[in-house]
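Reading the structure
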Amino acid sequence: MPLWLIHHDPNVFSNDEKEKLAQTITQLYVGFGLPAFYVQVQFFELPYASSFIGGEKDRAHVTLTIYHLARTMTTEAQAQRFLGAVDGILTPTFQPKELEWEYFVTETPRNLWKINGLVPPPAGSDEEREWARINKAVKL
């Protein structure tokens, strides 16, 4: 699963902006062949004066943590392509709002992952394509 945790200042995003961002992020992964339901995007609005950058509280800032389990990047070229795609999603959303943002990606071994108690099918397998088609985890 890709899991995106987005921590932000109050009132930075409308509900419509959150939904559009989540849909765009999901499409990034669907384009790589992942089932849409693998993708989780969670927004966390931080109360005023709960986040400090450089010891200062009055900077509009967004922090993203991106967890990968379904796929891992095995080459520097893959990593740079992915980071470029992430920048292509975030920059048009964040820059007009004059936000500062920072993100990192962490990858976890696939064998430490289950959905509804099921081990996800191998990447690119017929079983995974079936999960993508029905958009949920099922025992096959």
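See the structure shown above.
Just so it is clear, the model here is predicted, and its values are computed rather than measured.

1. Remarks on the layout of surface pockets
Counted as a void, the largest pocket has a volume near 290 Å³. Lining the largest pocket are 15 residues, and of these Phe 32, Arg 71, Thr 72, Met 73 and Phe 82 lie nearest its centre. At three residues, helix H2 (residues 76-94) tops the list of elements feeding residues into the lining of the largest pocket. Split by residue class, the lining of the largest pocket holds nine nonpolar, three polar and three charged.

2. Some details on the side chain of Asp 9
Looking at the element boundaries, Asp 9 is found in the loop between strand S1 (2-8) and helix H1 (15-30). Take Asp 9: its relative accessible area is 17%, and that puts it in the buried class. Residue contacts for Asp 9: discarding those within four places in its chain leaves Glu 45, Leu 46, Arg 59, Ala 60 and His 61.

3. What to know about the environment of Val 30
By the secondary structure assignment, Val 30 is in helix H1. Sequence separation between Val 30 and Val 62 is 32 residues; the distance between their C-alpha atoms is 24 Å.

4. Notes on unusual backbone geometry
Its identity as a non-glycine residue notwithstanding, Asn 11 has a phi of 60°, on the positive side. Counting through the fold element by element, Asn 11 comes out in the loop between S1 and H1. Residue Asn 11 is classed as exposed on the basis of its relative accessible area of 68%. Although it is not a glycine, Ala 49 adopts a positive phi angle of roughly 65°. With respect to the helices and strands, the residue Ala 49 is situated in the loop between strand S2 (40-45) and strand S3 (61-68). Of the residues examined, Ala 49 reaches a relative accessible area of 32% and is grouped as partly exposed.

5. Regarding the environment of Leu 64
Mapped onto the elements, Leu 64 comes out in strand S3. Given a relative accessible area of 0%, Leu 64 falls into the buried group. In sequence terms Leu 64 and Ile 6 are 58 residues apart; their C-alpha atoms lie 4.6 Å from each other. Excluding anything up to four places from it in sequence, Leu 64 contacts Trp 4, Leu 5, Ile 6, Leu 90, Phe 94, Trp 101, Glu 102, Tyr 103 and Phe 104.

6. So, the pairing of S3
Burial within S3 is extensive, with six of its eight residues counted as buried. Pairing between S1 and S3: seven bridges, direction antiparallel. Considered in S3, the bridge of His 7 is made with Thr 63. When S3 meets strand S4 (residues 100-107), the two strands line up parallel, connected through eight bridges. Bridging from a neighbouring strand, Thr 63 pairs with Glu 102 of S4. For the crossover from S3 across H2 to S4, the handedness is right-handed.

Here is what the cut-offs are and how they apply
- Residues numbered from 1 in each chain as written.
- Predicted model: local features only at pLDDT ≥ 70, side-chain atom pairs only at ≥ 80, totals over all residues.
- Heavy atoms only, no water.
- 1 Å grid on protein atoms, 1.4 Å probe; cavity = no way out; pocket = protein on both sides within 12 Å on 5 of 7 lines; lining within 4 Å.
- Points joined across faces, edges and corners; volume = space filled by probe spheres on them.
- Helix = DSSP H or I, 4+ residues; strand = E, 2+ residues; numbered from the N terminus.
- Nonpolar A, V, L, I, M, F, W, Y, C, P; charged D, E, K, R; others polar.
- Buried < 20%, exposed > 50% of the residue type's maximum accessible area, 1.4 Å probe, protein only.
- Contact = heavy atoms within 4.5 Å.
- Pairing = 2+ DSSP bridges.
- Right-handed = clockwise from strand over helix to strand, strands pointing away.

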